[in-house]
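# Structure assessment
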Amino acid sequence: MADSLLLLRKRGPMRSTWMRARKARPQLILSRRPRRGLRTVLRWCGRRRLRRRLLQAQAAGADWREGGCLVSRAAAAAAAAGGPEAAAPSPGPKPTRDEDSSPSCFASLPVPSLRPAGPGRALLLLPLEQDFIFSGICRVTCLYGQVQVFGFTISQGQPSQDVFSTYTHSRLTISAVHYSVPEKSKKEMKREARILLRSHLNQDDRCWLMKNFSPMCSIVMLENLKTSTVNFIISYPGLSYIFLQESPTFQINSEYFALRSVGIRKEKRKNSLHLTESVLSALEELVTDCCEEVDGCPIILVCGSQDIGKSTFNRHLINQLLNSISCIDYLECDLGQTEFTPPGCISLLNITEPVLGPPFTHQRTPQKMVYYGKPTCKNDYENYIEIIKYVFSSYKRESPLIVNTMGWVTDEGLLLLIDLIRLLSPSHVVQFRSGRCKYMPNLSPDYVDGMDGLYTKSKSRVRNRGYHLPEFAENLEFADEEKESPILLTGHKLICVQSDFAFRKTPRNRGSHNRILRDLAVLGYLGQLQPPLPKPLCPLHGLTPYQVPFNAVALRITHADVAPTHTLYALNASWVGLCKVLDDVRGYAHGPILLAQTPICDCVGFGICRGIDMEKRLYHILTPVPPEALRDVNCLLVGAVSVPHCVLKGQRGLEGTIPYITTDYNFKLPGASEKIGGRQTEGTCQEKLHPKPKFYRKTN
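Here goes a summary of the coordinates provided. (Residues numbered from 1 in each chain as written. Predicted model: local features only at pLDDT ≥ 70, side-chain atom pairs only at ≥ 80, totals over all residues. Heavy atoms only, no water.)

### Overview of the overall build of the protein chain
Basically, it comes down to this: Note on conventions: DSSP H or I runs of at least 4 residues are helices, E runs of at least 2 residues are strands, and numbering of each starts at the N terminus. The buried label goes to any residue with under 20% of its type's maximum accessible area, the exposed label to any with over 50%, and the partly exposed label to all in between, with areas taken from a 1.4 Å probe on protein chains only. The criterion used for residue contact is that any of the two residues' heavy atoms lie within 4.5 Å. Per-residue accessibility takes into account occlusion by the displayed protein chains alone, with areas from the Shrake-Rupley method and a 1.4 Å probe.
Regarding its fold elements, the protein chain presents 19 helices and 27 strands. When burial is assessed residue by residue, the protein chain has 42% of its 700 residues classed as buried. Within the protein chain, residue pairs in contact and separated by at least 24 positions form 76% of the contacts whose partners lie at least 6 positions apart. Carbon and sulfur atoms make up 52% of the accessible area of the protein chain, which amounts to about 40,500 Å² in all.

### Quick notes on the sheet that holds strand β26 (residues 618-622)
Counted only if it meets this: Any two strands with at least two DSSP bridges between them are considered paired.
An order of β21-β26-β25-β23-β27-β22-β24 is seen for the 7 strands of this open sheet, with the pairing classed as mixed. Either end of the sheet is taken by a strand with one partner, and the two such strands are β21 (546-549) and β24 (593-594). Bridge analysis of β21 against β26 gives 4 bridges, and the strand direction is antiparallel. Each bridged residue has a counterpart across the sheet, and for P549 the counterpart in β26 is L618.

### Describing a positive patch on the surface
Rules: Residues with no salt bridge and a relative accessible area higher than 30% make up the patches, which join like charges within 9 Å and nonpolar side chains (Val, Leu, Ile, Met, Phe, Trp, Tyr) within 5 Å. For this document, the term salt bridge refers to a Lys or Arg side-chain nitrogen within 4 Å of an Asp or Glu carboxyl oxygen. By the counting scheme adopted, Arg and Lys are positive, Glu and Asp are negative, and His together with the chain ends is not counted. Every charge is mapped onto a representative atom, which is NZ of Lys, CZ of Arg, CG of Asp or CD of Glu.
A grouping of K187, R191, R194 and R198 is seen on the molecular surface, where their side chains present a positively charged patch. Relative to the elements of secondary structure, R194 occurs in helix α5 (residues 186-197).

### A few points about the packing of aromatic side chains
Quick note on the threshold: Two rings belonging to Phe, Tyr or Trp (six-membered ring only in the last case) form a pair when the distance between their centres is within 6.5 Å. Interplanar angles under 30 degrees mark stacking, angles over 60 mark edge-to-face geometry, and anything in between is tilted. Charge over a ring is defined by NZ of Lys or CZ of Arg lying within 6 Å of the ring centre and within 35 degrees of the ring normal.
One pass over the full model with this rule turns up 16 aromatic pairs. Judged by centre distance (5.8 Å) and plane angle (55 degrees), the ring pair of Y144 and F213 falls under tilted. Residue Y144 is located in strand β5 (residues 131-144), and its partner F213 is located in the loop between α6 (203-211) and β10 (218-224); the two are separated by 69 residues in the primary sequence. Each ring, one from F313 and one from F432, has its centre 5.2 Å from the other, and the planes form 80 degrees; the classification is edge-to-face. Of the two residues, F313 sits in helix α10 (residues 310-322) while F432 sits in strand β17 (residues 428-433), which places them 119 residues apart along the sequence. The same class applies to F313 as to F432, namely buried. An aromatic cluster is present here, built from Y371, Y525, W575 and F606 joined pairwise through their rings. The side chain of K378 reaches across the aromatic face of W408, ending 5.1 Å from its centre.

### Describing helix α11 (residues 381-392)
Spelled out, the test is: In a helix, the anticipated span is given by 1.5 Å times the number of residues less one.
The end-to-end C-alpha distance of α11, which contains 12 residues, comes to 17 Å, matching closely the 16 Å that a straight helix rising 1.5 Å per residue would cover. Of all the residues in α11, the buried ones are Y381, Y384, I385, I387, I388, K389, V391 and F392. The secondary structure elements touched by the buried residues of α11 are β12 (299-303), β13 (328-332), β14 (345-351), β15 (368-371), β16 (401-404) and α12 (412-424).

### Observations concerning the sheet that holds β13
The following threshold applies: Angular values range over 0 to 180 degrees, each being the angle between N-to-C directions of two axes fitted as lines to C-alpha atoms, with helices fitted over their stretch in contact.
Pairing is mixed in the open sheet, where 7 strands are placed in the order β15-β14-β13-β16-β12-β17-β20. Of all strands in the sheet, those bounded by a partner on one side alone are β15 and β20 (493-498). The sheet shows a mean angle of 15 degrees between the axes of neighbouring strands, direction not considered. Its contacts with the sheet place helix α9 (residues 277-292) against β12, β17 and β20, and it is angled at close to 150 degrees to β20. On top of the sheet, α10 reaches β12, β13, β14, β16 and β17; it is set at about 170 degrees to β16, its chief contact.

### Observations concerning the environment of S180
Along the polypeptide, S180 turns up in the loop between β9 (172-176) and α5. Remark: the alpha-carbon pair of S180 and Q146, spanning 34 residues in sequence, is separated by 9.6 Å.

Next up, the structure:
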């Protein structure tokens, strides 16, 4: 009994200690890292094993470029020197099962569809209806077959196309599509492909392609692309991630090195552009109508809420139309997110080349352009309508016209859109819908006919279901016999498109995201100042500006009322529109010449006012506009569009203080405010997060 009591006394403390350790154990093993499943562990271990084998083979002097099997470099060199007979393996005993599964050979792995073809080049072999999704920039050449990129078809023998797949938009896809060929055997098709590839590839690459050749496949050459505009954009800190992002990978193989040499990266399908059946049906219908139009050129107006996919739809439509039509006209009515010009413009362009990238990669010179000066038209609707009428008057009706509209479709924005439909008289109205956006009524001909706009009234239906709008007759250019009769705006065809366009914008970050895209558009325009490659980049402060006398141009601040004594302060280091007015402003002796009202005039381009010389009375303007176009410029317009901050802060090669950058700011100047850009207090945030409830009186 005493022995048993002694044993219990000894076990008591041990058991309590074990219980305390067990209670503390869950706290010791807590971790933020989740437990890996068995499949994840096996997949991760397999990648590590494959990477280790490849690195060991590379260290041993092996080469995995011959098919899918590792071959020593000495054997590869001997095979190249001795021809096919030397490359043939010597007869020997058939390997056993253990030898066949040896890690030194990867013959069981699938043959990769991508192969390096020299420095900065890669070959892509795409079977029919297969896709290759990538990010980055490259030059795409179709050597054999036919592929499609963003709706534009690239066939063999056509010029190469520069493709920009950036992280600011959905990733682009190279798709192998069906092409018509006469009835030939596989042997004849391979012989034809071998003849076409002889001038582009060496013998090893041709043999690899012929070994993996399949009927109706497409062969694409991907080349490294360098442009002065892209180099200028990525020269600023934080903007290099737009075109290519590095991330760790476990699949280090020939495909990885080939893509890295080109400067692109393979992406997952979830990051690519997905078009719904509704969008594809609308594109097919519009392309058919534009190609079969007999009575005249169709006018296609695209409308919808913000961030719903209108710009992406317009690019895809332009590319598909260019497959059948030589040129398309494009009317830009969206001030905030312009496609071919810097923001704040209403422009008319004639498009002859495909659009294979975001707006900041294809800035072009419009046929007619007016600088509005602000990214939105709120509180200045009448001037917005007048500018659209002025630009639309240059449309010659010789090719289809695509009209891009704003994403503001509520309240006054909807009424303004109705005025725009009556003014432009489109033949097709493409209206985008989404369950995540606010309700928008169907803009059918009956609805537009029965609604009053901001500046137009609803008209009764006349013959041919048209609209009688004599108030617009004097603003449009028609033939003499058409001017005598009132304008007859025929009814349009409404095409409703259900969009499932996924975007990361929210009401909280939409403003900052749009501002970044506007800054990129300005940087893309300023990239035209850079010398062509291979010359190195030149900073903006290292370029020679134009000297413009005070009495040669007039000045106007479009977005605010500025005192005449402060006009030059507002002009200095600002983004300016280079315009030409009809009035002669050269009669003044000194200057500066200030305009009392904002004119509606042509804009030939943009620039930066680098400085003002008060002694010599000169403006220093930096612009990519050619000198022959600058001879007609006699007006400088300053709007709300500003020079990106990275241009002012990232002036490299300067010693001492950076020009136009200061922390000593006088808030007592007229127009200055401490609230601009200031942080919100905690109380303000709480009020926005928890608004006061509203009580309504119950009525029977």
